[in-house]
Amino acid sequence: MAEKFLEVKNLKKYFKTKRGWLHAVDDIDFVINKGETLGLVGESGCGKSTTGRVVLRLLEATAGEILFNGEDVLKFNKQKMREMRQNAQIVFQDPFASLNPRMSVSQIIAEPLVINKTVSSKHEIQKKVASLMETVGLASRLENVYPHELDGGRRQRIGIARALALNPSFIVLDEPVSALDVSIQAQILNLMDELQDELGLTYLFVSHDLSVIKHVSDNIAVMYLGKIVEMSDYASIFVDPLHPYTKALLSAIPIPDVDIKRERIILEGDVPSPIAPPPGCRFYGRCYARKDICKDNTPELLPVSEGRSVACHIVHEQRKG
Amino acid sequence: MSDNNNVNTRKRPPKKKSQMADVWRRFKRNITAMVGLFIIIILVLTAIFANVIAPPVFDDRLGDYMPSYMQQNLRNANAFPSGDNWFGTDNFGRDIFSRVVHGSRISLQVGFVVVSVSAIFGVILGAISGFYGGIADNVLMRIIDIMLAIPNILLAVAIAAALGAGLINVMIAVGIGAIPGFARIVRGSVLTLREQEFIEAARSIGANDYRLIGRHILPNCMAPIIIQATMGLAGAILSAAALAFIGLGVQPPAPEWGAMLNDGRRFMREFWPIVMFPGGAIAMVVLGFNMLGDGLRDALDPRLKK
Amino acid sequence: MTESNNMLEIKGLTIHYVTDDGVVRAVNDLNIAIGRGESIGLVGETGAGKTTTALGILKLVPNPPGKIIDGEIFLDGEDIIKKSEPEMRKIRGNKVSMIFQDPMTSLNPVMTVRDQIAEVILLHEKMPAAKALEKAEEMLMKVGIMPDRAKDYPHQFSGGMRQRVVIAIALACSPELLIADEPTTALDVTIQAQVLELMKNLKEEFNTSMIMITHDLGIVAEICDKVAVMYAGSVVEYADKLELFKNPKHPYTIGLFNSIPDIGNDVESLKPIKGLMPDPMNLPTGCPFHPRCDKAKPECSEKIPAGYDIGNNHIVKCILFNQ
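Residues numbered from 1 in each chain as written. Chains lettered and ligands numbered in written order. Predicted model: local features only at pLDDT ≥ 70, side-chain atom pairs only at ≥ 80, totals over all residues. Heavy atoms only, no water.

## Digging into the packing of aromatic side chains
Residue and element names in this part refer to chain A. A full pass over the atoms with the stated rule returns 19 aromatic pairs over all chains. Geometrically, the ring pair formed by F68 and F170 is edge-to-face, given 5.3 Å between the ring centres and 70 degrees between the ring planes. Of this pair, F68 sits in strand β4 (residues 63–68) while F170 sits in strand β7 (residues 170–174), and the two are 102 residues apart along the sequence. Here F68 and F170 have matching classes, each one buried. Taking the centre distance of 5.3 Å and the plane angle of 65 degrees together, the rings of Y245 and F283 count as edge-to-face. Taken together, the residues span a long stretch of sequence, with Y245 in helix α9 (residues 244–252) and F283 in the loop between α9 and α10 (292–296) at a distance of 38 residues. Here Y245 matches F283 in class, with each residue buried. (Phe/Tyr/Trp six-rings, centres within 6.5 Å; stacked < 30°, edge-to-face > 60°. Helix = DSSP H or I, 4+ residues; strand = E, 2+ residues; numbered from the N terminus. Buried < 20%, exposed > 50% of the residue type's maximum accessible area, 1.4 Å probe, protein only.)

## Thoughts on a nonpolar patch on the surface
Residue and element names in this part refer to chain B. On the surface, I41, L45, I48, F49, V52 and I53 cluster together into a nonpolar patch covering about 550 Å² of accessible area. Of all the secondary structure elements, the ones that give two or more residues to the nonpolar patch are α2 (31–48) and α3 (50–53). In terms of residues, the nonpolar patch owes the most to one element, α2, which gives three residues. Relative to the elements of secondary structure, L45 occurs in helix α2. (Patch = residues over 30% accessible without salt bridge, like charges linked within 9 Å, V, L, I, M, F, W, Y side chains within 5 Å. Areas by Shrake-Rupley, 256 points an atom, 1.4 Å probe, with all protein chains shown as cover. Salt bridge = Lys/Arg side-chain N within 4 Å of Asp/Glu carboxyl O.)

## Examining the nonpolar core
Membership of the largest hydrophobic core comes to 100 residues, with the highest contact counts inside it found for I179(C) and I211(C). Sorting elements by how many residues they give to this core places helix α5 (residues 159–171) of chain C first, with eight residues. In contact with I211(C), not counting residues within four places along its chain, are L8(C), I34(C), I40(C), L42(C), I57(C), L177(C), L178(C), I179(C) and A180(C). Core analysis: the next-biggest nonpolar cluster, separate from the first, contains 75 residues, I188(A), M192(A), V212(A) and C287(A) among them. (Core = buried A, V, L, I, M, F, W, Y, C linked by side-chain atoms within 4.5 Å. Contact = heavy atoms within 4.5 Å.)

## So, the pattern of salt bridges
In the structure shown here, the tally under the stated rule is 36 salt bridges over all chains. A salt bridge links E222(C) to R264(A); the nearest nitrogen and oxygen atoms lie 2.6 Å apart. Highlighted residues: E222(C) in helix α7 (residues 217–223) and R264(A) in the loop between α9 and α10, drawn from two different chains. We classify E222(C) as buried; its relative accessible area is 19%. Salt bridges here are not isolated pairs; linked through shared partners, they connect R53(A), D174(A), E197(B) and E200(B).

## Considerations on a negative patch on the surface
Taken together, the side chains of E194(A), D197(A), E198(A) and E268(C) present a region of like negative charge at the surface. For E194(A), the position within the fold is in helix α6 (residues 182–199). Accessibility expressed as a relative area gives 34% for E194(A), which makes it partly exposed. (Lys, Arg positive; Asp, Glu negative; His and termini not counted. Charge placed at Lys NZ, Arg CZ, Asp CG, Glu CD.)

## Describing helix α7 (residues 167–193) of chain B
Compared with an ideal rise of 1.5 Å per residue, which puts 27 residues at 39 Å, α7(B) spans 38 Å between its outermost C-alpha atoms and is within 8% of the ideal. Its maximal kink placed at G177(B), α7(B) deviates by approximately 25 degrees, while the proline P180(B) follows within four residues. (Expected span 1.5 Å × (residues − 1). Bend = angle between axes of the 7 residues up to and from the residue.)

## Observations concerning α9(A)
Judged by how many residues are buried, α9(A) sits mostly within the fold: eight of nine residues are covered. For α9(A), the set of buried residues is P244(A), Y245(A), T246(A), A248(A), L249(A), L250(A), S251(A) and A252(A).

## Some words on the interface of chain A and chain B
Counting from both sides, the interface comprises 41 residues of chain A and, opposite them, 28 residues of chain B. Of the roughly 3100 Å² buried between chain A and chain B on both sides combined, carbon and sulfur atoms contribute 49%. By the criterion of area lost to chain B, the three top residues of chain A are R102(A), I115(A) and E149(A), representing 18% of everything that side buries. Across the chain A-chain B interface, the total number found is three salt bridges. One salt bridge connects R53(A) with E197(B), and the closest N-O pair in it is separated by 3.7 Å. Across the chain A-chain B interface, the total number found is 11 residue pairs in polar contact (both at pLDDT 80 or more). (Buried area = accessible area lost by both parts, 1.4 Å probe. Polar contact = N/O pair within 3.5 Å; in protein donor to acceptor, adjacent residues only side chain to side chain.)

## A few points about the interface of chain C and chain A
The interface is formed by 42 residues belonging to chain C together with 40 residues belonging to chain A. Approximately 3400 Å² of surface area, both sides summed, lies buried where chain C meets chain A, with 59% of it carried by carbon and sulfur atoms. It is T190(C), I263(C) and L276(C) in chain C that bury the most area against chain A; as a group they hold 20% of the surface buried on that side. Counting the contacts that link chain C with chain A gives 11 residue pairs in polar contact (both at pLDDT 80 or more). Elements with a minimum of two residues in the side of chain C that touches chain A: α6 (189–206), α7, α8 (241–246) and α9 (251–259) of chain C. A per-element tally of the side of chain C that touches chain A places α6(C) first, with seven residues. Here the side of chain C that touches chain A is built from residues that sort into 19 nonpolar, 11 polar and 12 charged. (Nonpolar A, V, L, I, M, F, W, Y, C, P; charged D, E, K, R; others polar.)

## A look at the pairing of strand β2 (residues 20–33) of chain A
Residue and element names in this part refer to chain A. Here strand β1 (residues 4–17) pairs with β2 via 11 bridges, running antiparallel. Bridge pairing in β2 links K16 to W21. Counting the residues between successive antiparallel strands, the hairpin from β1 to β2 contains two residues. (Pairing = 2+ DSSP bridges.)

Written out as structure tokens, the structure reads:
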């Protein structure tokens with residue numbers, strides 16, 4: 001049995017808006033084992049990025065528990081929070097917006113060391129920055145360059161170096177490759193992979209791209225409108241998706257292969273507003289398999305087989321009967 | 001780990017190139033801005049070397065040297081420009097050239113003091129207001145709104161009237177009026193900057209508010225602050241001159257350009273040099289700062305980059 | 001004049017941007033041809049010159065700094081490079097129309113969607129305004145927007161719906177050629193699937209030729225007949241879709257396929273193309289891809305390879321295929 005690293009229980013994050021409470025994350029549970037990657041996948045507005053930020057307490061959770069090695073982060077005081085910040089880092093989506101344009105590459109990477117005073121002398125900071133740059137594959141001649149002079153791939157490497165500076169054990173990767181071209185994307189994905197093996201990192205990988213998620217994850221959670229609708233190991237969900245939304249999502253991905261003929265499920269309409277969502281299944285309005293029971297009863301995320309769970313009345317009924 | 005940077009695609013290797021050099025490169029191309037800069041340099045040099053350009057003169061009655069702009073000679077009043085008095089003399093026979101040259105010191109002093117003080121207060125207020133939002137923002141911005149609702153010159157008149165005329169009071173009066181401009185511009189920049197991901201990134205590595213504002217946010221609003229300061233210099237000099245003109249500013253016989261206009265306006269129908277030269281000096285300086293400010297805006301604005 | 005029944009034929013198109021810092025060679029000696037009713041996928045990464053090519057076809061390359069240096073663009077047999085601006089205005093939106101990437105910014109926020117469609121119709125066809133509005137509503141129906149929403153403003157629609165409106169505008173005058181510049185990049189996958197499906201159907205209904213600009217080989221597999229892979233401003237490989245997907249030849253195309261995480265198969269690690277896109281201001285000599293190419297030979301850095309036809313109308317711009 002793998003060691004539980006992060007356990008999230010009944011996590012909720014609501015935002016107050018003029019039109020009511022926005023249920024960004026609505027009662028989700030998941031577990032990430034040490035050294036593994038959980039892929040959190042969903043479309044825009046489903047709450048996947050919010051989840052990543054709440055887990056790091058960059059946003060305050062509305063309710064729930066976030067257990068790192070068994071300790072609830074939400075109960076941490078300032079001192080413990082500071083320690084936790086060093087241990088858990090984040091890499092952002094937009095390598096253009098996530099780097100301070102007025103700071104040079106080495107200053108950006110040194111910033112966490114300076115703030116947390118983990119390394120005392122200037123010389124040691126320089127040494128650490130140099131070794132971090134080497135780790136992420138940045139040539140040392142780039143240390144005095146400003147981010148705007150670099151391409152997206154290199155900028156993302158800077159973001160990764162900054163996240164690694166404090167020797168964290170956990171990193172939230174918030175769409176780290178979606179702003180990059182495919183050939184560069186592959187470079188960064190391989191880098192993340194190598195780093196995980198070398199440093200024994202645990203990842204929460206947030207992305208809208210199922211093929212990227214499949215490539216990096218050990219387990220996958222599919223989110224829709226603030227809820228996890230399906231959880232699975234990385235392989236079976238692609239072979240046998242259970243939730244109607246997962247099925248539609250999978251069938252919607254354009255595959256660069258002319259031989260595969262697929263039954264495509266085209267969903268109707270748009271994702272509804274997460275403000276004051278109606279009771280019942282969140283997917284009800286767009287679901288092609290819906291029944292009356294779905295309208296008023298929220299389906300629970302229940303295990304259906306080893307390592308797989310799904311939140312759908314239809315699937316649950318089929319399993320029972 | 002593979003180094004993917006071996007493929008050097010740039011002609012010039014990205015060497016240490018400071019951002020200031022970049023700004024200067026763009027600034028240089030702008031002719032208007034360069035003219036503005038030239039005017040300002042002349043002005044600053046004039047102020048620094050005023051005593052060399054218009055040195056003290058020996059006064060017979062006093063038996064000692066006295067500032068050239070103070071020396072009266074009623075027999076030579078309202079004289080037109082000549083070899084001795086390049087800009088002519090005023091109604092007391094004082095050399096207008098000397099007075100304009102020495103006036104630059106007062107104007108620059110007023111300008112720089114006003115802008116520095118109002119920038120400091122404005123930036124602090126704007127940063128607090130924009131960064132924290134909520135009640136602090138509401139209270140501070142309503143105060144700023146009230147200040148903006150009162151015409152600048154009226155505010156200055158009121159303050160000058162309350163505190164009395166004089167150089168220091170002019171600077172206080174004009175300075176208070178200049179705070180809202182800075183506060184608003186900084187607040188606006190901070191509002192957009194604080195939503196940027198790099199601020200969140202700094203938070204995620206443990207930066208406190210002090211560091212967020214000082215290290216990550218303010219350096220990124222330097223461009224609008226510098227532009228506002230440059231334009232503000234022009235405004236401050238103009239306001240100080242206006243106050244002096246209506247008699248609430250720097251008092252005679254100090255060679256303040258506005259005060260000189262006020263003194264000379266009774267004679268301007270018959271004798272144009274008495275208003276022409278101080279008036280021209282004000283116009284040139286204001287024009288110079290505005291042109292410089294415009295040029296800086298173009299050079300500093302990243303959106304116009306490339 | 002060329003005697004061909006191609007809808008569009010581009011020969012030797014070269015577009016440069018002349019900036020203070022140097023000349024950006026955005027498009028270099030580009031050749032493609034599109035038959036009637038055919039759709040071609042223009043695939044490449046950021047900076048490959050895809051969008052510049054599209055703007056070139058409409059003669060919309062911003063000038064300055066952009067300039068069409070050389071080449072011919074035959075639209076329906078007529079060279080549009082020689083056409084004047086008023087003549088071009090008659091072509092744009094009528095014979096050729098374009099769908100832009102971002103549906104948020106390509107619509108006018110203060111006009112109702114119906115009025116925006118009617119505007120295009122009135123610009124190109126003589127008809128009373130009432131009739132144009134009627135036709136606009138018809139177009140909205142075609143893209144799946146009910147008439148009761150015709151008087152809504154763009155901000156009242158979601159991203160996917162806005163892109164439908166953009167498509168309705170583009171198709172309002174039954175263009176013979178539709179240029180779609182990353183039309184679904186800003187959309188979520190399930191919405192992208194809706195929009196692609198819609199485009200596929202409408203293309204057939206209107207028998208429009210189409211240039212689909214995209215970075216996603218998956219979209220090409222789905223919607224195009226032919227594929228042109230672009231790298232650093234030129235087409236490096238050009239073939240029928242089936243041929244290209246089953247038998248990719250150019251090292252860059254192969255590299256692209258290897259970079260994509262495969263949803264069908266498990267691969268331990270991706271095989272990315274080494275290095276970065278070249279700076280278009282300072283392209284490498286010879287084949288622009290040679291610094292990143294595994295199979296590069298010394299002569300690759302010396303001369304720009306010609307396009308070699310390896311049969312089946314499959315053209316590869318790489319000296320490995322010079323028999």
